[in-house]
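So you can see what is in the structure, the chains are spelled out below.
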Protein chains: 2
Amino acid sequence: MAISQDGWGRGGMALGRRDSLALLTDLYQFTMAYGYWRAGRQREPAEFELFFRRCPFQGGFALSAGLGECLAFLRGFRLREPEIEYLQSVLPSTMEKAFFDYLRTVDASEITVSSAPEGSIVFATVPLLQVKGPLLVVQLLETTLLSLVNYASLVATNAARFRMLAGPDKKLLELGLRRAQGPDGGLSASKYSYIGGFDWTSNVLAGNLYGIPVRGTVAHSYVMSFTSAMEVLFPMQTLKPLDGDEPVDFLPLAETWLRQVCQTLQVPYDRVNHGELAAFISYAIAFPHNFYGLVDTYSIMGSGVPNFCAVALALNQLGYHAVGIRVDSGDLGKQAREIRQVLRTCSANFQVPWFATIPIAVSNDVSERSLEELMQEGNEIDIIGIGTNLVTCPLQPSLGCVYKVTSSVGYSLTRGIIALNPSTHTPLTWEANVCLRFLAGLAFMDLMALEEEPPPRAGQEVAVLLLGRSEVARRVTPTAVEILHRTYFKDGQVCQALPSLLEIKSHAQASLSMLSPAHKRLQDPEPYQVAVTEKLHFLLSDLSRSSQ
Amino acid sequence: MAISQDGWGRGGMALGRRDSLALLTDLYQFTMAYGYWRAGRQREPAEFELFFRRCPFQGGFALSAGLGECLAFLRGFRLREPEIEYLQSVLPSTMEKAFFDYLRTVDASEITVSSAPEGSIVFATVPLLQVKGPLLVVQLLETTLLSLVNYASLVATNAARFRMLAGPDKKLLELGLRRAQGPDGGLSASKYSYIGGFDWTSNVLAGNLYGIPVRGTVAHSYVMSFTSAMEVLFPMQTLKPLDGDEPVDFLPLAETWLRQVCQTLQVPYDRVNHGELAAFISYAIAFPHNFYGLVDTYSIMGSGVPNFCAVALALNQLGYHAVGIRVDSGDLGKQAREIRQVLRTCSANFQVPWFATIPIAVSNDVSERSLEELMQEGNEIDIIGIGTNLVTCPLQPSLGCVYKVTSSVGYSLTRGIIALNPSTHTPLTWEANVCLRFLAGLAFMDLMALEEEPPPRAGQEVAVLLLGRSEVARRVTPTAVEILHRTYFKDGQVCQALPSLLEIKSHAQASLSMLSPAHKRLQDPEPYQVAVTEKLHFLLSDLSRSSQ
């Protein structure tokens with residue numbers, strides 16, 4: 001196997017030169033397609049549903065995400081000549097050439113996709129997507145749609161859980177790029193964490209492509225690259241006061257403040273790391289309006305915090321306000337409380353009121369559990385950076401969506417409810433499931449019904465069966481009924497105005513606010529009710545019996 | 001924030017239209033770069049090392065992977081005008097314009113990268129990559145290099161562990177595309193699982209881009225889309241015998257065989273699902289040379305296996321050999337044994353010798369633990385498909401590589417060992433760590449030394465200190481010494497012939513064969529020894545003291 005240098009290493013840009021993801025699928029989709037085609041079934045109408053069987057993270061809900069990318073994929077879906085040639089090279093040579101000619105004509109122009117709006121709360125067994133169209137095409141789309149929805153929804157849900165734990169006021173920064181599954185995994189993580197409720201990302205390309213606000217300051221390597229001898233190496237570092245013209249030599253100013261801070265905090269001046277001081281000074285001079293200190297490279301309380309306070313107070317003297325202080329190791333809650341105490345002390349002692357409220361940012365392998373502990377013990381933290389435990393979703397690293405046939409001629413024949421046109425063998429009637437959400441103030445039930453059934457109305461009693469939980473109908477009366485799905489793709493076109501990422505994010509929070517706290521609980525939530533109408537229940541029972 | 005439809009949804013192809021990954025990094029790399037630049041340090045020589053602190057999965061080794069993509073990234077590394085403009089729009093407006101002019105000139109032409117060959121066994125604290133060059137550029141590369149190496153090495157190592165468990169003879173099929181972090185996550189998973197020891201992937205695009213052999217047959221949806229009434233719908237299905245011209249009507253032939261099989265296996269003929277039979281027939285007619293049966297859609301022993309045997313025996317009568325039988329649920333080991341028994345019975349009863357050895361393929365959420373159990377109990381399985389537990393690496397979803405400064409003017413000043421050119425402030429000598437591997441038959445120790453030290457030679461005693469485990473030197477005598485790292489990138493060019501993916505895969509197996517079983521044990525391995533020379537030990541101790 002000879003693979004050219006260009007072929008296997010485009011620096012994470014494997015998808016760079018393609019306009020279509022039609023080959024980003026499992027091979028068996030093409031062998032099945034051939035089976036359908038050989039049996040003359042390629043244009044048979046079919047409907048598949050994409051859903052998950054259990055809510056992720058043992059929780060009570062998920063956020064649907066990835067719809068926008070699915071629609072873009074569908075719009076561009078077709079097999080180009082080099083792709084057809086590749087398929088011919090790997091599939092059995094006994095396959096008829098005419099099949100590949102047929103594949104050349106295949107696109108998504110006869111596909112219809114309905115879905116809840118991206119960012120909606122969704123529940124186990126209720127479809128995230130319904131895909132209708134010719135059997136062969138609907139089958140070919142499976143893996144790519146799953147690939148675009150599974151991780152997107154998983155990480156959006158994970159982000160929403162972190163947001164619920166953190167409450168509405170803390171700022172959440174996603175910084176998982178280096179821990180994700182390569183470049184595109186990192187981009188997906190940034191995009192869908194934002195939808196799920198994060199405020200910022202550290203990922204510059206995600207900022208550039210998606211308009212997500214980006215944030216970042218310094219790493220330990222920056223601090224460590226400065227030493228106490230550094231100041232002799234470089235030209236005098238000066239800074240102009242905010243409202244003055246005459247540059248001030250910043251090093252002696254900061255050193256003067258450091259002596260005062262050390263005295264106030266009773267920290268030995270000669271134990272403070274002067275390389276760290278040099279690093280902070282260089283950063284303050286570079287970003288006088290945006291000074292941020294990373295204070296845990298050496299001793300937090302014996303060096304980092306005094307150095308930060310000294311530089312921030314020197315800046316203050318020149319009219320600038322520091323914007324934050326960051327800790328990236330150890331017991332974050334405890335350290336934040338200690339740092340807040342120091343900031344208050346300096347604020348009082350040096351009569352600088354704003355100093356007491358400088359935002360404290362933390363990051364150190366923050367997980368759901370550690371964040372929960374942080375929040376329970378009360379804390380002085382303003383900004384939380386989360387990487388690994390956000391993007392890799394260690395509590396459940398895969399959502400496990402499936403894509404199942406719910407209607408085809410075969411299925412419908414089993415049900416024995418549709419007539420066939422004897423010449424074309426296509427069904428004369430075509431039915432599909434309708435998904436509804438019942439509300440009584442909050443959402444309390446999702447209902448799947450047949451399209452032919454008169455839709456339940458607000459205020460009207462309706463008989464339903466809880467899916468998989470009972471064989472006995474119960475009666476419920478919603479005060480409001482929402483049609484969950486809209487048609488997003490039809491006749492080869494996206495047929496809804498698509499929201500911006502920020503609008504999707506807002507929709508996600510609005511959607512979550514319609515769910516009771518009992519269902520939103522991160523552990524042992526009360527299961528949300530998913531039901532079917534009596535008529536659909538009987539059909540499903542028949543189907544289940546006939547396939548045994 | 002208005003984002004165009006094109007901007008946020010290119011169907012997983014976010015990276016599609018870019019030639020550079022220079023923005024695929026954390027924002028703080030640019031704020032730090034500005035800090036260095038403002039301090040006049042942008043061209044200061046620096047060296048960073050990329051390494052992990054603990055072997056993944058509580059194991060004793062990792063496979064290094066991602067080097068090829070890192071080199072491709074470096075070759076294309078520069079910031080283009082729209083990228084510069086974006087950076088200017090999100091970074092503080094007080095930053096000097098001249099910095100962005102400087103960024104416009106930045107590329108990797110002064111960067112030197114050394115590394116072990118891709119696919120080598122690597123150990124905690126020993127660098128996977130050493131990156132030398134101007135401080136500002138070396139810093140800017142951090143996140144992208146981490147993103148390209150972390151997941152690649154993690155999933156290659158995970159694949160190698162599965163391969164070790166399965167032994168050399170079983171065929172391993174990667175089928176994780178739908179469970180990975182989006183399209184590119186799926187591609188990375190396929191590529192690096194192959195390096196780690198998998199034989200095949202289901203991912204067609206990975207096959208097309210990387211030349212990995214692709215495999216796939218049918219899903220349950222295919223089987224379920226056929227019903228017992230299906231045969232009335234479609235034209236008569238016929239098949240030509242391998243050495244004959246006259247097509248045979250396949251359905252009655254298969255039904256005849258089904259009656260015989262049912263009698264032999266004592267399975268009630270009328271309990272067999274005839275939709276499943278129709279599905280198998282359609283597939284056999286489509287792929288007479290490559291017939292594969294997925295036998296667990298309904299009852300495995302009551303329907304799937306009898307149907308498979310009937311169709312395979314009908315094919316056999318026409319001169320074709322079935323190529324496999326697949327189970328995707330339940331107790332895989334037990335079912336494989338039962339299926340093998342049936343195949344043997346049919347083989348004997350119908351005097352078809354090859355029938356007894358038809359390959360059995362299984363897949364059902366196979367994990368390290370379940371594979372270990374399968375292997376311990378002995379089994380009749382020939383092919384194992386692994387998805388979720390391979391690509392999401394649930395035992396440890398992130399490798400956690402870091403990228404640390406090991407040498408810069410600041411560092412070297414601390415060590416006090418280099419002279420500076422007083423006019424340019426650049427060091428007159430420049431030193432780096434050298435990584436060596438000691439062998440005595442098998443590899444037994446990795447040693448880090450200073451470049452200035454005379455390299456240890458085979459057969460010569462050398463004093464070393466085990467890193468982090470002892471302050472006392474010990475003497476070892478390797479029978480062979482390998483220089484672990486080669487220079488892969490220099491003067492803006494890749495300076496080694498890069499191996500094909502298959503060559504990397506072979507190197508990985510060869511590299512693993514140099515490691516003792518005690519180090520390769522999946523649980524509680526004996527730790528591999530990583531050591532430093534006495535001279536490097538003293539330098540590191542000095543450095544550690546000086547930064548406290």
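Fair warning: this is a prediction, and the values are worked out from it, not measured in the lab.

1. Remarks on the overall build of chain A
Scanning chain A for helices and strands turns up 21 helices and 22 strands. Counting over 548 residues, chain A shows a buried share of 63%. Put simply, 74% of the contacts in chain A that link residues at least 6 apart link residues at least 24 apart. Accessible area of chain A: about 19,800 Å², with a carbon and sulfur share of 50%.

2. Some remarks on the pairing of strand β20 (residues 486–490) of chain B
All names here are of chain B. Here strand β3 (residues 112–115) pairs with β20 via 3 bridges, running antiparallel. Within the sheet, the bridge partner assigned to Val113 lies in β20 and is Phe489. For β20 and strand β21 (residues 493–494), the ladder comprises 2 bridges, and the chain directions are antiparallel. Bridged to Lys490 within β21 is Gln493. Between β20 and the antiparallel strand that follows it, β21, lie 2 residues; Asp491 among them carries a positive phi value of about 55°.

3. What about the nonpolar core?
Among the nonpolar cores identified, the biggest contains 370 residues, and Phe250 and Phe308 of chain A together with Leu103, Phe250 and Phe308 of chain B are the most heavily contacted of them. If near-sequence neighbours (up to four positions away) are discounted, Phe308 of chain A is found in contact with Phe280, Phe291, Tyr292, Gly293, Val295, Ala322, Gly324, Ile325, Leu343 and Ile358 of chain A.

4. Some points on helix α7 (residues 142–166) of chain B
Residue and element names in this part refer to chain B. Compared with an ideal rise of 1.5 Å per residue, which puts 25 residues at 36 Å, α7 spans 36 Å between its outermost C-alpha atoms and is within 8% of the ideal. Most of α7 sits inside the fold, with 24 of its 25 residues counted as buried. Downstream of α7 by one or two residues, Gly167 has phi in the positive range, about 80°.

5. Some points on the pairing of β3 of chain B
Residue and element names in this part refer to chain B. Of the two faces of β3, the one carrying Thr112 and Ser114 and the one carrying Val113 and Ser115 are both buried. Note that β3 and strand β5 (residues 129–134) share 4 bridges and pair antiparallel. Residue pairing across strands places Val113 opposite Val131, the latter belonging to β5.

6. Thoughts on helix α16 (residues 368–376) of chain B
All names here are of chain B. Listed in full, the buried residues belonging to α16 are Glu368, Leu371 and Leu374. Projected down its long axis, α16 shows its buried positions confined to an angular sector of 125°, all on one face. Relative to its buried face, α16 has exposed residues pointing more than 90 degrees away, namely Arg369 and Gln376. Buried residues belonging to α16 abut α7, α15 (332–349) and β13 (383–386). Gly378 lies just past α16 and shows a positive phi near 75°.

7. Things to note about the packing of aromatic side chains
Aromatic ring pairs are defined here through the distance separating the ring centres and the angle between the ring planes. Per the counting criterion, the structure on display carries 36 aromatic pairs over all chains. Ring centres of Phe291 of chain A and Phe308 of chain A lie 5.5 Å apart, and the angle between their planes is 15°; this geometry places the pair in the stacked category. In this pair, Phe291 of chain A is assigned in the loop between α13 (274–286) and β10 (292–294) and Phe308 of chain A in helix α14 (residues 300–317), connecting sequence segments 17 residues apart. Looking at Phe291 of chain A, the relative accessible area reads 0%, which means it is buried. When its relative accessible area of 0% is taken as the criterion, Phe308 of chain A is described as buried. Three or more aromatic residues link up through ring pairs in this structure, and these residues are Tyr34, Tyr36, Trp37, Phe99 and Phe100 of chain A together with Tyr222, Phe226, Tyr283 and Phe287 of chain B. When the ring centre of Tyr194 of chain A is taken as origin, the NZ or CZ atom of Lys505 of chain A, which lies over that ring, is 4.3 Å away. Between Arg259 of chain B and the ring centre of Tyr269 of chain B, over which it is positioned, the NZ or CZ distance is 4.0 Å.

8. What about unusual backbone geometry?
Positive phi, normally seen in glycine, also occurs at Gln351 of chain A, with a value near 55°. Within the element layout of this structure, Gln351 of chain A appears in the loop between α15 (332–349) and β12 (360–362).

9. So, the packing of α13 of chain A against α14 of chain A
Residues and elements named next belong to chain A. Taken N-terminus to C-terminus, the directions of α13 and α14 make an angle of 35°; their axes are 10 Å apart at the nearest point. Here α13 and α14 pass one another in a crossing that is right-handed. On the side of α13, the interface is formed by Glu276, Leu277, Phe280, Ile281 and Ala284, while α14 contributes Ser303, Gly304, Asn307, Phe308, Val311 and Leu315. Looking at the contact of α13 with α14 residue by residue, the classes come out as 7 nonpolar, 3 polar and 1 charged.

10. Details of the environment of Phe123 of chain B
Residue and element names in this part refer to chain B. As for its position among the elements, Phe123 is in the loop between β4 (121–122) and β5. Assessed through its relative accessible area of 2%, Phe123 is described here as buried. Sequence separation between Phe123 and Pro527 is 404 residues; the distance between their C-alpha atoms is 9.3 Å.

11. Comments concerning the environment of Leu173 of chain B
Assignment of secondary structure puts Leu173 of chain B in strand β6 (residues 171–174). With residues near it in sequence (within four places) discarded, Leu173 of chain B still touches Phe198, Trp200, Thr201, Ser202, Arg215, Ile384, Gly385 and Ile386 of chain B.

12. Focus: the pattern of salt bridges
Counted by the stated rule, this structure contains 40 salt bridges over all chains. Of the charged contacts, one joins Glu142 of chain A and Arg178 of chain B as a salt bridge, the two residues approaching to 3.3 Å between their closest N and O atoms. Highlighted residues: Glu142 of chain A in helix α7 (residues 142–166) and Arg178 of chain B in the loop between β6 and α8 (182–196), drawn from two different chains. A relative accessible area of 4% means that Glu142 of chain A is categorised as buried. Put simply, Arg475 of chain A and Glu461 of chain A hold a salt bridge, and the shortest N to O gap is 3.6 Å. Highlighted residues: Arg475 of chain A in strand β18 (residues 474–476) and Glu461 of chain A in the loop between β16 (442–450) and β17 (462–466), separated in sequence by 14 residues. A single network of salt bridges, built from pairs that share partners, joins Arg340, Arg344, Glu380 and Asp382 of chain A.

13. Observations regarding the sheet that holds strand β22 (residues 529–533) of chain B
Sheets are built from strands paired through backbone hydrogen bonds, the pairs being either parallel or antiparallel. Residue and element names in this part refer to chain B. In space, the 6 strands of this open sheet follow the order β18-β17-β22-β16-β15-β19, with mixed pairing throughout. A strand with exactly one partner marks an edge of an open sheet, and here the two such strands are β18 (474–476) and β19 (480–483). On average, adjacent strands in this sheet sit at an angle of 40° to one another, irrespective of strand direction. Judged from the 3 bridges that link them, strand β17 (residues 462–466) and β22 form a sheet pairing that is antiparallel.

14. A few points about the confidence of the model for chain A
Counting all residues, the mean pLDDT for chain A is 89, and 89% of those residues have values of 70 or more. Here residues 1–19 of chain A scores under 50 on pLDDT; set against residues more than four positions off or in separate chains, the count is 71 contacts.

Conventions we followed
- Residues numbered from 1 in each chain as written.
- Chains lettered and ligands numbered in written order.
- Predicted model: local features only at pLDDT ≥ 70, side-chain atom pairs only at ≥ 80, totals over all residues.
- Heavy atoms only, no water.
- Helix = DSSP H or I, 4+ residues; strand = E, 2+ residues; numbered from the N terminus.
- Buried < 20%, exposed > 50% of the residue type's maximum accessible area, 1.4 Å probe, protein only.
- Contact = heavy atoms within 4.5 Å.
- Areas by Shrake-Rupley, 256 points an atom, 1.4 Å probe, with all protein chains shown as cover.
- Pairing = 2+ DSSP bridges.
- Core = buried A, V, L, I, M, F, W, Y, C linked by side-chain atoms within 4.5 Å.
- Expected span 1.5 Å × (residues − 1).
- Arc of directions from axis to C-beta.
- Phe/Tyr/Trp six-rings, centres within 6.5 Å; stacked < 30°, edge-to-face > 60°.
- Lys NZ or Arg CZ within 6 Å of the ring centre and 35° of its normal.
- Axes fitted to C-alpha atoms, helices over the stretch in contact; angles between N-to-C directions.
- Left-handed = near helix turned anticlockwise from the far one by under 90°.
- Nonpolar A, V, L, I, M, F, W, Y, C, P; charged D, E, K, R; others polar.
- Salt bridge = Lys/Arg side-chain N within 4 Å of Asp/Glu carboxyl O.
- pLDDT = per-residue confidence, 0-100.

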